[in-house]
Amino acid sequence: MASGSDSAVVTRFAPSPTGFLHIGGARTALFNWLYARRMGGRFLLRIEDTDRARSTQAAIDAILDGMRWLGLDWDGHEYYQSQFWARHAEVAHELLARGHAYKCWMSQEELAAQRERAQAERRPFRIDSPWRDSAGEGEGAFVVRLKAPREGETVIEDKVQGRVAVQNAELDDFILLRSDGTPTYMLAVVVDDHDMGVTHVIRGDDHLNNAFRQLAIIKGMGWPQPIYAHVPLIHGSDGAKLSKRHGATGVESYRDELGILPEALFNYLLRLGWGHGDREEFTPAEATEVFDLDGIGKSPSRFDLKKLQNLNGHYIRAADDKRLAELIAPRIGPQSDVALLTEAMPVLKTRARDLNELAEGAAFLFKVRPLQLSDQAQALLEPSAKAVLARISARLRAEQDWTTEALEANLKAYAEEQGLGLGKLAQPLRAALTGQTTSPGIFDVLVLLGRDESLARIDAQAAEPA
Ligand code: GLU
């Protein structure tokens, strides 16, 4: 159970802007955001744009956009890692001065030879630079490597993974500064986290191995160690790491293509890998009251689109009608009308699981005559159904009270008189009125379309009076 607050807590989300906001990244951002909000601390955003060739403005915009859509507001301005290169280099030089790093002039050929030897001797390759303990200077370009510890072990008390340890002999003298003077990711992350005052590093467990290396830098600088929480990655339904072949992976696809509401995705991602008893639903405010790192599960969670869609349907039913109308109007097209959609929304939203279904279900309101019928609707309208429509038309024409109650009473009485089930009337009526075989309740449809439009649509499909 979470208890107390700690305004000194600083978390961060540190995406590399090389694509869109991945659903796994969004969950990482969510956990960081929640923890900071829960503790009354700060949540920072750092764009890791050091890979200049792969980072794009479009990707940065997609990340910021996706986070805003999910309601994950960050404190202060966003940080851009590329702005701190000079600072990263400065730290590399300080590590040199402290004897925790060294300049290495090994050539590619020497490295390749070491790698081949390791392969031939069937042992894992670990760089063994002659410059590690040399006082001399080489010639030409050099890289700066960390002088990784070789004795003992490095332990991380991870908030999710528990105690994890590696033998230091397994750590390599990785590069801090490349030969062109640019910092590596490993160095940049550590320096930025330190300078930004990050106290809790919550991220995907694909970074757990990096954490051991990063700790070596932190120790070399004598900086305080952050608390780590490495969250298991999201997997697809087949148990493999979530990737494109499982379907959409970008947050914007869930919003734009799949018609998911942000509160549904928020809640789904929250529950994916985090639990609080058996409670299923949380508003953002509720989640920030109870979120804690202890509730994060240790095994990978499986992404289940059906579950997300069902949850989304639930949130659609709870959502404000006008908001939904505004959201689906662009999906219907220029003929749509927000006022009419808002009025119809209580009956439209009862079944839809996403905004596309909602828009499809609403489309009948804006169809122009002659109505295009779906094949199934067309098939329903065989001659006897058309004859029923003709009689219904005559009967409804005489109805003075165009309300769901009156229309229902009227058609029920008619069905009884004819010894027909109500379905025998409702199905052809639905086909004629909406062009579809599924729709909101037929009396609601009649009222929403209004008397004139309803009668015109029925007459267009009805048999000529005998
Ligand atoms: N930029 C890294 C990534 O997108 C994250 C680094 C981190 O969280 O430490 O995978």
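In this report, the structure presented in the accompanying data block is examined. Everything numeric in this text was worked out from a predicted model, so none of it was measured. All residue numbers refer to position in the chain's written sequence, counted from 1. Reporting of local features is limited, given that this is a predicted model, to residues whose pLDDT is at least 70; pairs of side-chain atoms are given and counted only at 80 or more, and all residues count toward the totals for whole chains, interfaces and linings. Only hydrogens and water are set aside; all other atoms, that is, all heavy atoms of the structure, feed into the side-chain values.

**Observations regarding the overall build of the chain**
Working step 1: Helical segments are the DSSP runs of H or I of at least four residues, strand segments are the runs of E of at least two, and each set is numbered from the N terminus. Each helix and strand in the chain was counted, giving 19 helices and 12 strands.
Working step 2: The globule rule is 2.2 Å times the number of residues to the power 0.38, and the radius of gyration it is compared with is taken over C-alpha atoms. Scaling as 2.2 N^0.38, a compact globule of 466 residues should have a C-alpha radius of gyration of about 23 Å, whereas the chain reaches 31 Å, well beyond that.
Working step 3: C-alpha extents for the chain along the principal axes are approximately 110 × 50 × 40 Å.
Working step 4: Counting across all 466 residues of the chain, residues that qualify as buried make up 49%.
Working step 5: Counted over contacts in the chain with a minimum sequence separation of 6, partners at least 24 positions apart contribute 73%.
Working step 6: Only four residue types enter the tally: Lys and Arg on the positive side, Asp and Glu on the negative side; His and the chain ends are excluded. We put the charge of a Lys on NZ, of an Arg on CZ, of an Asp on CG and of a Glu on CD. The average position of the 55 basic charges and that of the 66 acidic charges among the side chains of the chain differ by 3 Å. Under the scheme applied here, a residue whose accessible area is under 20% of the maximum for its type counts as buried, over 50% as exposed, and between as partly exposed, the area being computed with a 1.4 Å probe on protein chains only. The contact rule is simple, with two residues in contact once any of their heavy atoms fall within 4.5 Å.

**With respect to the side chain of histidine 88**
Working step 1: Among the structural elements, histidine 88 can be located in helix H3 (residues 85–97).
Working step 2: Of note is the side chain of histidine 88, whose polar atom sits 2.8 Å from the side chain of aspartate 192.
Working step 3: Beyond its immediate chain neighbours, meaning those up to four positions away, histidine 88 contacts Gln81, Pro183, Leu187, Ala188, Val191 and Asp192. N or O atoms within 3.5 Å of each other form a polar contact, as long as, within protein, one can give a hydrogen and the other can take it, and as long as residues adjacent in sequence are counted only when both atoms are side-chain atoms.

**Focus: the site of the ligand**
Working step 1: Nearness is judged by heavy atoms alone; a residue qualifies as near a molecule or strand once a single heavy atom is within 4 Å of it. Taken together, Arg12, Ala14, Pro15, Ser16, Glu48, Tyr185, Val189, Arg203 and His207 make up the full set of residues adjacent to the ligand.
Working step 2: At 2.9 Å from a nitrogen atom of the ligand is found a side-chain nitrogen or oxygen belonging to serine 16.
Working step 3: Between the ligand and the protein, one listed contact pairs an oxygen atom with a side-chain N or O atom of arginine 203 at 2.7 Å.
Working step 4: Taken by itself the ligand offers 300 Å² of open surface, and the protein chains cover 79% of this. For the accessible areas, the method is Shrake-Rupley and the probe is 1.4 Å, while residue cover comes only from the protein chains on display.

**Section: the nonpolar core**
Working step 1: The set of buried Ala, Val, Leu, Ile, Met, Phe, Trp, Tyr and Cys residues whose side-chain atoms join them within 4.5 Å is what this entry labels a nonpolar core. Judged by nonpolar contacts, the single largest core of 102 residues is most densely connected at Met67, Leu265, Leu270, Leu341 and Leu365.
Working step 2: Residue contributions to this core peak at 10 residues, all from helix H1 (residues 23–39).
Working step 3: The residues contacting leucine 265, other than those within four sequence positions of it, are Ile23, Trp69, Leu70, Val251, Tyr254, Ile260 and Leu308.
Working step 4: Listed in part, the 36 residues of the second largest apolar core include Ala89, Leu208, Phe212 and Ile218.

**Quick look at the pairing of strand S10 (residues 227–231)**
Working step 1: Of all five residues in S10, four are buried, a share of seventy percent or more.
Working step 2: If DSSP finds at least two bridges between two strands, the strands pair. Two elements, strand S9 (residues 200–204) and S10, share five bridges in a ladder whose sense is parallel. What sits directly across from glycine 204, in S10, is valine 231.
Working step 3: Think of it like this: strands point away, you trace from the first strand over the helix to the second, and a clockwise trace means the crossover is right-handed. The handedness of the S9 to S10 crossover, carried by helix H6 (residues 208–221), is right-handed.

**Some words on the packing of aromatic side chains**
Working step 1: Pairing of aromatic rings covers Phe, Tyr and Trp, the last through its six-membered ring, and needs centres within 6.5 Å; plane angles under 30 degrees mean stacked, over 60 mean edge-to-face, and all others mean tilted. One pass over the structure, following the stated rule, counts nine aromatic pairs.
Working step 2: Taken together, a centroid distance of 6.4 Å and an interplanar angle of 40° make the contact between tyrosine 79 and phenylalanine 84 tilted.
Working step 3: With relative accessibility at 18%, the residue tyrosine 79 sits in the buried group.
Working step 4: Members of the aromatic cluster, connected to one another through ring pairs, are Phe31, Trp274, Phe282 and Phe291.
Working step 5: In this scheme, the term charge over a ring applies when either NZ of a lysine or CZ of an arginine sits within 6 Å of the ring centre and within 35 degrees of the ring normal. One cation-aromatic arrangement involves arginine 255 over tryptophan 69; the distance from NZ or CZ to the ring centre is 5.9 Å.

**Comments concerning helix H15 (residues 383–397)**
Working step 1: Helices are assigned an expected span. That span is 1.5 Å times one less than the residue count. Here H15 is 15 residues long and its end C-alpha atoms lie 21 Å apart, about the 21 Å a rise of 1.5 Å per residue gives.
Working step 2: Those residues of H15 lying buried are Ala385, Val388, Leu389, Ile392, Ser393 and Leu396. The arc that holds every buried residue of H15, seen down its axis, measures 145°, which confines them to one face. Pointing more than 90 degrees away from the buried face of H15 are the exposed residues Pro383 and Ala394.
Working step 3: Buried residues along H15 sit in contact with helix H14 (375–380), helix H16 (404–418), helix H17 (422–434), helix H18 (442–449) and helix H19 (451–461). Arc definition: directions from the helix axis to the C-beta atoms.

**Quick word on the sheet that holds strand S5 (residues 143–146)**
Working step 1: Taking strand neighbours across the sheet as the criterion, the three strands line up as S4-S5-S8 in an open arrangement whose pairing is antiparallel. Only two strands of the sheet have a single partner each, and these edge strands are strand S4 (101–104) and strand S8 (175–177). Strand-to-strand, the axes of this sheet are offset by a mean angle of 40°, without reference to chain direction.
Working step 2: Relative to S5, S4 runs antiparallel, the two being bridged by four bridges. Bridge pairing in S5 places lysine 103 opposite valine 144.
Working step 3: Here an axis means a line fitted to C-alpha atoms, over the contact stretch when the element is a helix, while the angle between two N-to-C directions is reported on a 0 to 180 degree scale. Of the strands in this sheet, S4, S5 and S8 are in contact with H3, which crosses S4 at around 100°.

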